[in-house]
Amino acid sequence: MKSLEVDKHVNFLVKAATTRGFEWEMTEYLRMSGIYWSLTALDLLGQLDKLPREEMIAYVFSCLHENGGFSPAPNHYPTIIYTLSAIQVLVILKALDQLGEKKEKVIEFVKSLQNTDGSFIGSPDDDEEETDTRFSFCAVATLKLLNSLNAIDLDKTVQHIKACQNFDGAFGVRVGSESHAGQVFCCVGTLALLEKLDIVDQELLGWWLADRQLPCGGLNGRPMKKEDVCYSWWALSSLVMIKKSAWIDHKKLAEFILSAADEEMGGIADRPGDIPDPFHTLFGIAGLSLLQYNNNLELDISSSKENVKLKPIDPVLCLPSYLLHEK
Ligand code: GRG
């Protein structure tokens, strides 16, 4: 198995976060999540200090709006996805306290997005039917990190997720939508945060998730689709949450993730030979962390620093575990 080239990945992540140019401009619409991906990956690699903390915190607050929501960049509108990313960044930088009385505003923002059937819209201007189980997860995860789960109707939240479970045991975007591993993560993660995993048919879901592994070792997001490194997070973390991660071949998955790394520039791509990006770099490294700590994978780590270890990650909140235990 190839080794995890720490120095190269750190250089790649720092370069992606600090180089100004065409790519930087083109990714403005997702910047807050980009910062979360880069910081989380750097922290897992033990090198969080490679990006300027105060500058990152100032950026997060420059994206906080009057209604309590965060946008990806200052001149964009706030949504629940970027609100979760902003809160995750503040947790990583141990700066959540700086929210002060604005914390109540953020809670109000999240609360305002819940429909009467328990589903969530992504931003206040969305129509009531524009729901997505991603928004349920982001709402619940944000409130969990703010210690304010009771701000929303939790029973209805669970009922809605339950209604999104399909005959194959997996979950989709909304009631009746095709099962997709990304949405499975969101639904299983929501139930895990609300301690309601018992309502899931875990055997059936375990089979569906394990079936995502292809002969190349990588996982796909739904039947008949190509493998993609990001499902080494969405599908594997779901398997970990329902305690069925032993149902896939760990070594083959780790080999697939490592083979999607760019050997020269660092960074991980969706699949071998493609161009790396911070999204796949985080979810590839996060998948390796799950495999190492949940399935005893022996990972060879190459670094110019001594005794570098990959940190354990929380399978639900996708944050280095030590941050959640310290809270
Ligand atoms: C990271 C903790 C944390 C939270 C974020 C926004 C969100 C919560 C989760 C998104 C989950 C999701 C839907 C992931 C899938 C992303 C993806 C690669 C979608 C591509 O979908 P298709 O249909 O790809 O283009 P396939 O693989 O089906 O061909």
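Summarised in this report is the structure supplied together with it. (Residues numbered from 1 in each chain as written. Predicted model: local features only at pLDDT ≥ 70, side-chain atom pairs only at ≥ 80, totals over all residues. Heavy atoms only, no water.)

When its secondary structure is counted, the chain shows 14 helices and two strands. Expected size for 327 residues packed as a compact globule is a radius of gyration near 20 Å; at 19 Å, the chain falls within 12% of this value. Going through the 327 residues of the chain one by one, you find that 59% of them count as buried. Partitioning the intrachain contacts of the chain with sequence separation of at least 6 by distance along the chain shows that 68% fall at a separation of at least 24. Computed over 31 positive and 46 negative side-chain charges, the inter-centroid distance for the chain is 3 Å. (Helix = DSSP H or I, 4+ residues; strand = E, 2+ residues; numbered from the N terminus. Rg over C-alpha atoms; globule rule 2.2 N^0.38 Å. Buried < 20%, exposed > 50% of the residue type's maximum accessible area, 1.4 Å probe, protein only. Contact = heavy atoms within 4.5 Å. Lys, Arg positive; Asp, Glu negative; His and termini not counted. Charge placed at Lys NZ, Arg CZ, Asp CG, Glu CD.)

For the ligand, the set of nearby residues contains 19 residues, the closest of which are His180, Gln183, Arg222, Lys225 and Tyr231. Take Tyr231: an N or O atom from its side chain is 2.7 Å from an oxygen atom of the ligand. Considering the ligand on its own, with 750 Å² of exposed area, one finds that the protein chains cover 74% of that surface. Where the shell around the ligand is concerned, the elements lending two or more residues are helix 5 (80-92), helix 7 (133-145), helix 9 (181-193) and helix 11 (231-241). Considering each element in turn, the shell around the ligand owes the most residues, four residues, to helix 9. Here the shell around the ligand is composed, by residue class, of 12 nonpolar, four polar and three charged. (Near = heavy atom within 4 Å. Polar contact = N/O pair within 3.5 Å; in protein donor to acceptor, adjacent residues only side chain to side chain. Areas by Shrake-Rupley, 256 points an atom, 1.4 Å probe, with all protein chains shown as cover. Nonpolar A, V, L, I, M, F, W, Y, C, P; charged D, E, K, R; others polar.)

As a further point, take the environment of Glu264. Within the secondary structure, Glu264 is located in the loop between helix 12 (250-259) and helix 13 (278-294). Between the alpha carbons of Glu264 and Phe70 there is a distance of 36 Å; along the sequence they are 194 residues apart.

Attention now moves to the nonpolar core. Ranked by size, the top nonpolar core spans 117 residues in total, and within it Ile87, Leu99, Phe171, Leu205, Trp233, Leu282 and Leu288 carry the most contacts. Examining the composition of this core, we find that nine residues originate from one element, helix 5, more than from any other. (Core = buried A, V, L, I, M, F, W, Y, C linked by side-chain atoms within 4.5 Å.)

What follows is about the pattern of salt bridges. All chains considered together, the criterion is met by 10 salt bridges. For Glu255, the salt bridge identified is with Lys251, shortest N-O distance 3.3 Å. Within this pair, Glu255 and its partner Lys251 are both found in helix 12, separated by four residues, close to a single helical turn. Classification of Glu255 by relative accessible area gives partly exposed; the value is 31%. Through salt bridges with shared partners, one network takes in Asp270, Arg271 and Asp274. (Salt bridge = Lys/Arg side-chain N within 4 Å of Asp/Glu carboxyl O.)

Let us now look at the side chain of Asn295. Tracing the backbone through its elements, the reader meets Asn295 in the loop between helix 13 and strand 2 (301-302). For Asn295, a relative accessible area of 14% translates into the label buried. At 3.0 Å, the side chain of Asn295 forms a polar contact with the side chain of Ser245. Side-chain polar atoms of Asn295 contact the side chain of His250, separated by 3.2 Å. Those residues in contact with Asn295 that lie beyond four places of it in its chain are Ser245, Ala246, His250 and Leu290.

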